[in-house]
Structures are given as structure tokens and as C-alpha cells.
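# Structural description and commentary
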Amino acid sequence: MASHESNNGVHDEEQADAAAVPRPMPSERRKVALITGITGQDGSYLTEFLLGKGYEVHGLIRRSSNFNTARLDHLYVDPHNAAKALMKLHYADLSDASSLRRWVDALLPDEVYNLAAQSHVAVSFEIPDYTADVVATGALRLLEAVRCSPKPARYYQAGSSEMFGSTPPPQSETSPFHPRSPYAAAKVAAHWYTVNYREAYGLFACNGILFNHESPRRGENFVTRKITRAVGRIRLGLQTKVFLGNLSAARDWGFAGDYVEAMWMMLQQDEAGDYVVATEESHTVEEFLQAAFGYVGLEWKEHVVIDPRYFRPAEVDNLKGDSSKARKALGWKPKVGFLELVKMMVDHDLEIAKKEKVLADAGYIDAHQQP
């Protein structure tokens with residue numbers, strides 16, 4: 001779960017027990033959503049979306065001495081301001097079943113969104129045990145907490161296109177899984193745990209098999225954001241090179257803000273099911289480079305260096321989703337196209353680079369730690 005305490009007042013003493021949090025009367029009760037991984041890219045967009053729908057949103061975050069709630073800071077209201085604080089954060093962890101059970105029982109959410117994960121594919125090869133425990137067994141712990149709750153919630157499990165691995169595109173709900181990383185294998189396990197709880201216990205549990213979705217809030221160690229951060233810095237003279245791995249890998253890239261709406265739509269259906277969410281377009285990393293560097297008038301080949309350390313032990317060549325089921329059953333379709341997404345991310349990272357340059361020119365930071 002990529003979530004931590006906030007530097008704007010989200011501290012232990014402010015995480016009131018649910019029993020002490022003022023709640024509306026039954027006649028005016030808001031729908032309640034519980035989100036794991038709320039401080040991640042998807043968690044922040046989903047929180048915005050649900051607050052816009054009038055939900056009360058609770059997020060589970062891990063205790064840490066480092067602040068990691070920047071994606072939520074614009075949504076934060078001090079919990080003492082009970083009338084306006086419709087997003088609340090609580091300490092828990094997918095590796096701690098008792099904390100999950102405690103908050104599910106206390107909050108009695110209408111909907112539970114499990115977005116938490118060790119979500120970096122390359123890192124999963126380095127920490128496979130942890131990845132499996134959080135991604136796979138963590139989902140099982142949360143499913144069990146929902147099943148045993150006095151009021152079973154509707155449950156959303158965040159799947160991944162990485163589960164298809166080497167299965168030829170286009171990949172749909174009926175395509176076989178062939179995971180090529182510990183992360184992908186753990187996501188497959190979480191997927192089937194979700195199906196099992198739906199079939200065995202009648203739980204309203206959905207799997208959203210989301211293909212790659214990006215945004216300006218994407219973590220900087222993911223290849224798309226690594227590229228757009230580099231574009232901004234190179235354009236302003238703060239660095240000259242960016243080091244990458246396999247440029248021929250192709251992915252179906254969409255906008256995260258579009259994809260969280262599909263998550264919500266799944267839980268509003270009469271029957272639970274599994275859905276692929278994708279743009280149905282595939283682009284290589286090289287194409288992403290061309291679009292990003294070209295947007296600011298740079299030639300990517302002059303700045304990209306191939307570093308073998310960024311190649312995976314087992315590569316996934318081409319992911320391209322068939323989202324026809326989601327488009328027909330949910331009425332969902334992406335609003336942001338590939339080039340618009342790239343430009344959105346580059347524009348955002350150019351602004352960050354401008355701020356860095358001001359600090360660098362004033363001597364407050366060393367801008368040349370990277371080549």
C-alpha cells in the first residue's frame with residue numbers, strides 16, 4: 001500500500017476511532033467507500049471521483065515516518081472539521097489481517113476498493129516474497145474481512161494487464177493468464193481469490209483488469225513518468241541523458257482519471273463480474289519517447305541511453321486490451337487519447353522542471369546529479 005501520514009496534519013492523534021467520528025443519521029447517510037492504496041495514483045483519482053459523487057471516503061494507510069500523501073493534500077480537511085472532512089485516513093496494512101478486519105467492521109463500508117500493491121514490476125523480481133504477501137495474500141485477507149463483516153460490502157479488486165504476460169494480443173476477459181513476473185503472478189492469485197469468494201460465498205466481488213494507465217501523478221520510477229520528467233529537465237538544461245531498457249515493449253496506455261470511473265461503474269451493476277479496461281491501442285516505449293520529446297522540439301535519440309540493468313528477467317512484449325465487454329455492459333470508454341496523455345504529462349513535468357531550475361540557478365540544489 002503506497003500510503004503514509006501527511007505533512008498537513010494527518011497524524012496518529014487525528015485518526016479518530018470510527019465510533020468517535022460523527023456520522024450522518026440513517027435517513028441522510030452518505031455511501032461509504034473504503035480504499036486501500038488511497039495515496040497512490042489511482043487512489044487519489046478515485047477519491048476525487050467518489051467525493052464528487054457525495055461519498056464519505058476512508059483510506060487505509062501504512063504508518064511511516066516519511067510523508068507520502070502529496071497526491072491527497074488538496075483533498076485533506078482536518079477531521080475536527082466534521083462537516084467538511086469527508087475523506088478520513090486510518091492506519092492499517094494488507095499484511096496485518098487484524099487491522100483490516102477492525103476497520104471494515106468499524107466503518108461498515110458500502111464499497112471496498114483494493115488498490116494497494118507493491119506495483120512495480122521490476123522491483124517485484126528483487127522483493128518477490130513481499131510482493132506476493134501484499135499483492136496476493138493481502139487481497140485474500142481483505143476479502144475475508146469483507147466476507148466476515150456484519151454488512152458485506154461490494155468489493156473491487158485491482159487487476160493488471162501484466163497478468164496476461166506472454167499471451168498474444170488483444171487480451172480480453174477470456175484470454176489465458178501467463179504472468180511473467182512475481183508481481184503479475186501475485187495479481188493472478190488475487191484475481192482468482194476474488195472469483196472464488198464471489199462463487200463460494202456470493203460476495204459481490206469484481207476484478208478490474210486494467211491495462212497501463214498513466215497520469216502526472218504516476219510514480220517517477222515508472223517508465224512513462226521517468227521519460228516525461230526527463231523531458232522537462234532536459235528541455236531546461238538540468239540533465240542531458242535518460243537511461244532506459246527495452247524500447248520495443250508495447251503497452252496499451254490510458255489516463256488513470258478515466259479508469260477509476262470504470263472501477264466505480266463495476267460496483268454499480270446488478271451482478272458482479274470481471275472487466276478488461278483499456279484504450280484498445282498499443283504503443284511502444286519508443287513511440288512514447290517520440291511523442292514526449294517531439295512535443296518540446298527535441299530528438300529523443302540524442303538523449304536516450306540503453307542500460308541493460310533495466311531489462312526484465314522475463315519480458316512482456318505486447319499488451320493490448322479488448323475492452324468491448326466494459327464498453328457494452330458498463331457504458332465506459334476512455335476520454336483521453338495517447339497523444340493527449342503524453343502532452344498532459346510533459347506539460348506537468350515542464351512546470352516542475354521550471355521550479356527546479358529556479359532553485360538550481362540560486363544555488364539551493366545540485367541540478368546535475370544526473371548526467
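See the structure above.
Residues numbered from 1 in each chain as written. Predicted model: local features only at pLDDT ≥ 70, side-chain atom pairs only at ≥ 80, totals over all residues. Heavy atoms only, no water.

## So, unusual backbone geometry
Basically, it comes down to this: Every helix listed is a DSSP run of H or I at least four residues long, and every strand listed is a run of E at least two residues long, numbered separately from the N terminus.
In this structure, the amide linkage connecting Pro-169 to the following residue, Pro-170, adopts the cis form with an omega of -5 degrees. In this structure, Pro-170 sits in the loop between strand E5 (154–160) and helix H5 (182–201). Backbone geometry places Leu-108, a non-glycine residue, at a positive phi of 45 degrees. Checked against the element boundaries, Leu-108 lands in the loop between helix H2 (97–107) and strand E4 (111–114). Despite not being glycine, Glu-280 has its phi angle at roughly 70 degrees, a positive value. Relative to the helices and strands, Glu-280 is located in the loop between strand E11 (274–277) and strand E12 (283–284).

## Regarding the pattern of salt bridges
When charged atoms on two side chains of opposite charge get close, those side chains can pair. Put simply, the rule reads: A carboxyl oxygen of Asp or Glu within 4 Å of a side-chain nitrogen of Lys or Arg is what we treat as a salt bridge. Relative accessibility thresholds used throughout: buried, under 20% of the residue-type maximum; exposed, over 50%; partly exposed, between the two (1.4 Å probe, protein chains only).
For the structure on display, the rule yields 21 salt bridges. Note that Glu-220 and Arg-229 form a salt bridge whose closest N and O atoms lie 3.4 Å from each other. Judged by its relative accessible area of 45%, Glu-220 falls in the partly exposed class. Here the residues in one salt-bridge network are Glu-220, Arg-225, Arg-229, Arg-233, Asp-349 and Glu-356, joined through shared partners.

## Quick notes on the sheet that holds E5
For clarity, the cut-off: Should DSSP find at least two bridges between two strands, the strands are regarded as paired. For helices, the axis comes from a line fit to the C-alpha atoms of the stretch in contact; other axes are also lines fit to C-alpha atoms, and the angle between any two N-to-C directions lies between 0 and 180 degrees. It only takes one pair of heavy atoms within 4.5 Å for two residues to be counted as in contact.
Across the sheet, which stays open at both edges, the seven strands sit in the order E3-E2-E1-E4-E5-E6-E11 with parallel pairing between neighbours. Looking at which strands have only one partner, the edges of the open sheet turn out to be strand E3 (87–91) and E11. Neighbouring strand axes in the sheet, compared pairwise and without regard to direction, differ in orientation by 20 degrees on average. Strand direction decides the pairing type here: strand E1 (residues 32–36) and strand E2 (residues 56–61), joined by five bridges, are parallel. By the bridge assignment for E2, Val-32 is matched with Glu-56. The sheet contacts of helix H1 (residues 41–52) involve E1, E2, E3 and E4, and relative to E1 the element is tilted by about 175 degrees.

## Focus: H5
To keep things clear, this is the line we draw: To estimate the expected span of a helix, subtract one from its residue number and multiply by 1.5 Å.
Taking 1.5 Å per residue as the helical rise, H5 with its 20 residues ought to reach 28 Å, and the 28 Å between its terminal C-alpha atoms agrees with that figure. Residues Tyr-183, Ala-184, Ala-186, Lys-187, Val-188, Ala-190, His-191, Thr-194, Val-195, Tyr-197 and Arg-198 constitute the buried set of H5. Elements in contact with the buried residues of H5: helix H3 (121–126), helix H4 (128–148), E5, strand E6 (205–210) and E11. Directly beyond the C-terminal end of H5, a positive phi value near 70 degrees is found at Gly-202.

## Considerations on a nonpolar patch on the surface
The condition that has to hold: Patches draw on residues past 30% relative accessible area with no salt bridge. Two like charges within 9 Å are joined, as are two nonpolar side chains (Val, Leu, Ile, Met, Phe, Trp, Tyr) within 5 Å. Throughout, the Shrake-Rupley method with a 1.4 Å probe supplies accessible areas, and for residues the shown protein chains are the sole cover considered.
Among the surface-exposed residues, Leu-359, Tyr-364 and Ile-365 lie close enough to one another that they form a single nonpolar patch of about 330 Å² accessible area. Positionally, Leu-359 belongs in helix H10 (residues 338–361).

## What about the environment of Lys-335?
Going by this rule: In the analysis that follows, any N or O atom pair within 3.5 Å is treated as a polar contact, provided that within protein one partner can donate a hydrogen and the other can accept it, and provided that, for residues neighboring in sequence, both atoms belong to side chains.
With respect to the helices, strands and loops of the structure, Lys-335 is situated in the loop between helix H9 (324–329) and H10. Residues Lys-335 and Pro-176, spaced 159 residues apart in sequence, show a C-alpha to C-alpha distance of 28 Å. Setting aside chain neighbours within four positions, we find Lys-335 in contact with Asp-258, Glu-261 and Glu-340. Reaching out from Lys-335, the side chain makes a polar contact with the side chain of Glu-261 at a distance of 2.9 Å.

## Looking at the packing of H1 against helix H7 (residues 256–266)
To keep it simple, the criterion reads: Each helix crossing is assigned a hand: it is left-handed if the near helix lies turned anticlockwise from the far helix by less than a right angle, otherwise right-handed if that turn is clockwise. Here the term charged refers only to Asp, Glu, Lys and Arg, the term nonpolar to Ala, Val, Leu, Ile, Met, Phe, Trp, Tyr, Cys and Pro, and the term polar to all other amino acids, Gly among them.
Direction vectors running N to C along H1 and H7 enclose 65 degrees, while the axes themselves pass 9 Å from each other. The element H1 and its partner H7 pack so that their crossing is right-handed. Of the residues in H7, those touching H1 at Gln-41, Asp-42, Tyr-45, Leu-46, Phe-49 and Leu-50 are Ala-256, Gly-257, Val-260, Glu-261, Met-263 and Trp-264. Tallied by class, the residues present in the contact of H1 with H7 amount to eight nonpolar, two polar and two charged.

## With respect to the pairing of E2
Quick note on the threshold: Convention used here: a crossover is right-handed provided that the path from the first strand, over the helix, to the second strand proceeds clockwise when the strands point away from the viewer.
Summarising burial for E2: six of the six residues are buried, a large majority. Residues of E2 alternate between two faces, with Glu-56, His-58 and Leu-60 on one and Val-57, Gly-59 and Ile-61 on the opposite face, all of them buried. Since E1 and E2 lie parallel, the crossover through H1 that links them has a hand, and here it is right-handed. Of the pairings in the sheet, the one linking E2 to E3 comprises five bridges and is parallel in character. The residue bridging His-58 from the neighbouring strand is Lys-88, located in E3.

## Examining the packing of aromatic side chains
Put simply, the rule is: Each Phe, Tyr or Trp ring, with Trp reduced to its six-membered ring, pairs with another whose centre is within 6.5 Å; inter-plane angles below 30 degrees give stacked pairs, above 60 give edge-to-face pairs, and intermediate values give tilted ones.
Applying the stated rule across the entire model yields eleven aromatic pairs. Ring centres of Tyr-45 and Phe-255 lie 5.5 Å apart, and the angle between their planes is 75 degrees; this geometry places the pair in the edge-to-face category. Pair noted here: Tyr-45 is in helix H1 and Phe-255 is in strand E10 (residues 254–255), with a separation of 210 residues, a long-range link. Taken individually, Tyr-45 and Phe-255 each receive the classification buried, so the pair is uniform in this respect. Here Tyr-259 and Trp-332 contribute two aromatic rings whose centre-to-centre distance is 5.5 Å and whose plane-to-plane angle is 90 degrees, an arrangement assigned as edge-to-face. Placement of Tyr-259 in helix H7 and of Trp-332 in the loop between H9 and H10 is noted, with a sequence separation of 73 residues between them.

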